[in-house]
Amino acid sequence: MFVKQLLALLAMAAFASPALAHKASDSFLYVDMDASEFRIDIALRDLALLVPLDSDGDQKVTGLELRAQRSLATQTIENAITLTSEQGACSIRGQAWGLSSHSDGPYLATQYQIACPNGEHPEQIEYSLLFNRDNLHRGLVQITSGDTRSLTVLSPDKPTVDLTGGAIGPWSTFTTFLYEGVVHLLIGLDHMLFLLVLVLPATLMPRGQGSQGTSRSLKSRLLQLVGIVSAFTVAHSITLALSALNVIRLPIAWVETVIALSIAAAALNVVWPFLGRKTWKLAFAFGLIHGFGFASVLGDLTGGVSNLAIALAGFNLGVEFGQLGLLIIGFPLLYALAHIRAYQRFMVPLMLIGVGTISLMWVAERAGSI
């Protein structure tokens, strides 16, 4: 049953939207409480789901096409954001409109002045853009008040943020991004497939192995698994931190292309170990690249070094929890299946072919966007 489900997952992935293997859908909101204004940056690829930006259907949005839809685009954004004070709803007035650049491409950036009844400051912001189309969409929020900057996340489960509660506490920031780290790992199909092909060799039985030495074999395989996971964790934690803290930044299109290529290489290495049989070394080398992919969520937030460090720690730990959860479920199942001859002879090659095919499709698609 598990094999059938896994093969079905691979089949669906091959025909699913390419967005499944790309950077998660995020918008960025920058709220300035002192000036009573905010800016929102929305990826053009996300806005195109709501507004017909690509009028000629060439899969590219030009400045002329964007300007032609300016009225509908701003109306769509404004309908998705509600600000309120103690006295009631606040109005917003557009101040600036243009393009901004984030790690994954061009965004529409709009800035608004907030006007609340009796000159009050807004107390709450509610955000709903794309939530009814994509429940994985997030609004990443930076709130500035005096010298304090706070970071938080808007989601379908949490569409509102209190703006008057002072600085968002470290624990709240940590737990918010901890959850987002788990979600990011679980929705990142490319990262999941990479984990699969890394772990698979540790579960397979050598030809001719019987029941003798099974406990010793299991112990050695668990040690091998620990080595693989530890190497991958250390590697992606290094580059996640370096990228999120803006020490090293790489173009996300290149990163995504190399991530897809790493999956194909790891799948081929199971059958033909041209990269060596030390899987932990492979995990460390490619983990460095995957860390840049994880960092794309945090890299465009600038909530101050301390807040960003807390968010980074929570997000990274969330990724580890998501990874650990997958391994707790997946490793025993794969190890049990490895005792079935038909599984190793037929199903494993089919899985590797499926993973390799999907990843090469991603390579071609992502390379075309560089």
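One can find the structure itself at the top, above this paragraph.
One structure accompanies this document, and this report is about it. Every value quoted in this text rests on a predicted model; they were computed, and no experiment measured them. (Residues numbered from 1 in each chain as written. Predicted model: local features only at pLDDT ≥ 70, side-chain atom pairs only at ≥ 80, totals over all residues. Heavy atoms only, no water.)

## Side note on the sheet that holds strand 4 (residues 88-89)
Now for step 1: Strand order in this open sheet of four strands is 4-3-7-10, and the pairing throughout is antiparallel. In the strand order of this sheet, the two ends are held by strand 4 and strand 10 (160-162), each with one partner.
Now for step 2: Bridge count between strand 7 (residues 124-127) and strand 10: three bridges; the pairing is antiparallel. Each residue of the ladder has a partner; that of Ile125, found in strand 10, is Val161. (Pairing = 2+ DSSP bridges. Helix = DSSP H or I, 4+ residues; strand = E, 2+ residues; numbered from the N terminus.)

## A few points about unusual backbone geometry
Now for step 1: Although it is not a glycine, Ser36 sits at a positive phi angle of roughly 50°.
Now for step 2: Position of Ser36 among the secondary structure elements: in the loop between strand 1 (26-32) and strand 2 (37-43).
Now for step 3: Here Ser36 falls in the buried class, since its relative accessible area comes to 11%.
Now for step 4: We note that Leu130 has phi near 70°; this positive angle belongs to a residue other than glycine. (Buried < 20%, exposed > 50% of the residue type's maximum accessible area, 1.4 Å probe, protein only.)

## Description of helix 5 (residues 170-187)
Now for step 1: The first and last C-alpha atoms of helix 5 sit 26 Å apart over 18 residues, in line with the 26 Å expected at 1.5 Å per residue.
Now for step 2: Residues Thr173, Phe174, Thr176, Phe177, Leu178, Glu180, Gly181, Val183, His184 and Leu185 constitute the buried set of helix 5. (Expected span 1.5 Å × (residues − 1).)

## Some points on empty space enclosed by the protein
Now for step 1: For the coordinates displayed, the defined rule picks out two cavities of 30 Å³ or more.
Now for step 2: In this structure, the second largest cavity spans a volume of roughly 60 Å³.
Now for step 3: Looking at the second largest cavity, it is lined by ten residues, and the ones nearest its centre are Ser103, Ser243, Leu250, Phe292 and Ser296.
Now for step 4: Every element with two or more residues in the lining of the second largest cavity is listed here: helix 8 (252-271) and helix 9 (279-295).
Now for step 5: Tallied by class, the residues present in the lining of the second largest cavity amount to five nonpolar, four polar and one charged. (1 Å grid on protein atoms, 1.4 Å probe; cavity = no way out; pocket = protein on both sides within 12 Å on 5 of 7 lines; lining within 4 Å. Points joined across faces, edges and corners; volume = space filled by probe spheres on them. Nonpolar A, V, L, I, M, F, W, Y, C, P; charged D, E, K, R; others polar.)

## A word on the pattern of salt bridges
Now for step 1: Taken as a whole, this structure holds two salt bridges when the rule is applied.
Now for step 2: Note that Arg39 and Asp41 form a salt bridge whose closest N and O atoms lie 2.6 Å from each other.
Now for step 3: On the accessibility criterion, Arg39 (30% relative accessible area) is partly exposed.
Now for step 4: Across the pair Glu180 and Arg138 runs a salt bridge, and its minimum N-O distance is 2.9 Å. Taken together, the residues span a long stretch of sequence, with Glu180 in helix 5 and Arg138 in strand 8 (residues 138-145) at a distance of 42 residues. Of the two residues, Glu180 and Arg138, both sit in the buried class. (Salt bridge = Lys/Arg side-chain N within 4 Å of Asp/Glu carboxyl O.)

## Considerations on the packing of helix 6 (residues 189-203) against helix 9
Now for step 1: Axis separation between helix 6 and helix 9 bottoms out at 11 Å; the angle between their running directions is 175°. If you check the angle between helix 6 and helix 9, you find them roughly antiparallel. Taken together, the residues of helix 9 that come into contact with helix 6 (itself represented by His191, Phe194 and Leu198) are Thr279, Leu282, Ala283, Phe286, His290 and Phe294.
Now for step 2: Residues that form the contact of helix 6 with helix 9 fall into these classes: six nonpolar, three polar and no charged. (Axes fitted to C-alpha atoms, helices over the stretch in contact; angles between N-to-C directions. Parallel < 35°, antiparallel > 145°, perpendicular 65-115°, else oblique. Contact = heavy atoms within 4.5 Å.)

## A short note on helix 6
Now for step 1: The end-to-end C-alpha distance of helix 6 is 21 Å, a good match for the 21 Å that 15 residues give at a rise of 1.5 Å each.
Now for step 2: Summarising burial for helix 6: 13 of the 15 residues are buried, a large majority.

## As for the sheet that holds strand 9 (residues 148-154)
Now for step 1: Pairing is mixed in the open sheet, where six strands are placed in the order 5-6-2-1-8-9. The sheet terminates laterally at strand 5 (91-102) and strand 9, the two strands that pair on one side only. In this sheet, adjacent strand axes meet at a mean angle of 20° when their direction is disregarded.
Now for step 2: Bridge analysis of strand 8 against strand 9 gives seven bridges, and the strand direction is antiparallel. When the bridges of strand 9 are listed, Gln142 appears paired with Leu151.
Now for step 3: Relative to the sheet, helix 4 (residues 70-79) contacts strand 2, strand 5 and strand 6 (105-115), its axis offset from that of strand 6 by approximately 65°.

## Description of the packing of aromatic side chains
Now for step 1: Taken as a whole, this structure holds eight aromatic pairs when the rule is applied.
Now for step 2: For the pair Tyr127 and Phe131, a centre-to-centre distance of 5.5 Å together with 80° between the ring planes defines the contact as edge-to-face. Comparing Tyr127 with Phe131, the two get one shared label, buried.
Now for step 3: Here the aromatic cluster, defined as three or more aromatic residues joined through ring pairs, consists of Phe194, Phe232 and Phe286. (Phe/Tyr/Trp six-rings, centres within 6.5 Å; stacked < 30°, edge-to-face > 60°.)

These figures capture arrangement, not role.
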